[in-house]
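# Report on the structure
Residues per chain are reported as follows:
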Amino acid sequence: MRPLIYSIEDETNIQNVIKIALENANYDVGCFLEAAEMFKQLKKQVPDLFLVDIMLPGINGLEIIKHLKNNTQYKEIPIMVISAKGSEIDKVIGLDLGADDYLAKPFGILELISRVKALLRRRGNEQASAVKSIGEIEFRPKERQIVLKGQKALLTEKEYLILELLASNQGKTVSREEIIESIWGYDFIGESRTIDVHIKKIREKLTQIGQYPDPIQTIRGIGYKINL
Ligand code: CA
């Protein structure tokens, strides 16, 4: 899935530049000329990054940042302030309020894209290394461990990634092709049987730590589904 970026900018020519540049760099972009519109859409879909102009009609950029950073649902999403050059004070206040980066207008497209990439990469790393719980199982990515009621199981890298993929798509069937694509990429030369072998091991380890009944369901001819 392509990362989704929301841009709040009232100057349509700048908004267009941002949209075209980011779409060409393979991002999905939601453009908003004012905050109210963006907050409405935010209730339906949460982006991976915000680009926020400061001088806006209605709710200004600083208020947007304040609002986002005070909301537990949105506060981890990175924000880049894009504001007119020379307004140093915006930069300082914006960063103080929790914005993650600042880009002065006018900016170059390449600089915009490289900053966006850096913010999304940083965020991706943080998310990938964070401990999380799905069902009763705690996932510890750094140690590649899963923990249930104090019992631990150590997984291989592939086992961990497959289980995490299934768990984050809980209740949905994940096809073998999707597993291969997401974990091995397109370079996978093994057979899809390899997946079945990994699944078998994962099942053994889940039941070892007391996850009964086996939560992984085989969907014949398609793939797997998990219910934790
Ligand atoms: Ca503006």
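Conventions used here
Residues numbered from 1 in each chain as written. Predicted model: local features only at pLDDT ≥ 70, side-chain atom pairs only at ≥ 80, totals over all residues. Heavy atoms only, no water. Pairing = 2+ DSSP bridges. Helix = DSSP H or I, 4+ residues; strand = E, 2+ residues; numbered from the N terminus. Axes fitted to C-alpha atoms, helices over the stretch in contact; angles between N-to-C directions. Contact = heavy atoms within 4.5 Å. Donors = N, O, S within 2.8 Å, 3.2 Å for Na, K, Ca; no water. Buried < 20%, exposed > 50% of the residue type's maximum accessible area, 1.4 Å probe, protein only. Core = buried A, V, L, I, M, F, W, Y, C linked by side-chain atoms within 4.5 Å.

This part takes up the sheet that holds strand β3 (residues 49-53). The strands that make up a sheet pair up through hydrogen bonds in the backbone, lying either parallel or antiparallel. Spatially, five strands are ordered β2-β1-β3-β4-β5 in an open sheet, and the strand pairing comes out parallel. Each edge of the open sheet carries a strand with a single partner, namely β2 (28-32) and β5 (101-105). Pairwise comparison of adjacent strand axes, ignoring direction, gives a mean angle of 20° for this sheet. Against the sheet, helix α1 (residues 12-24) makes contact with β1 (4-8), β2, β3, β4 (79-84) and β5, and its axis sits at roughly 170° relative to β2, the strand it touches most.

Moving on: the coordination of the calcium ion. Protein ligation of the calcium ion involves Asp-10 (OD), Asp-53 (OD) and Met-55 (O), the donor distances falling in the range 2.2 to 2.3 Å. Donor residues for the calcium ion, ordered by position in the chain, follow D-x42-D-x1-M. One end of the pair, Asp-10, is in the loop between β1 and α1; the other, Met-55, is in the loop between β3 and α3 (61-69), with 45 residues separating them in the sequence. According to the relative accessible area criterion, Asp-10 is partly exposed, its value standing at 31%.

A word on the nonpolar core. Within the largest apolar cluster, 26 residues are counted, with the highest numbers of intra-cluster contacts made by Phe-139, Ile-146, Ile-162, Leu-163, Leu-166, Ile-179 and Ile-216. At the level of secondary structure, the elements contributing two or more residues to this core comprise β7 (137-140), β8 (145-148), α6 (157-168), α7 (176-183), α8 (193-208) and β12 (223-226). By residue number, the principal contributor to this core is α6, which donates six residues. If we ignore the near neighbours within four places in the chain, the residues touching Leu-166 are Val-174, Ile-199, Ile-216, Tyr-224 and Ile-226. Within the second largest apolar cluster, 22 residues are counted, among which are Phe-39, Leu-56, Ile-77 and Ile-79.

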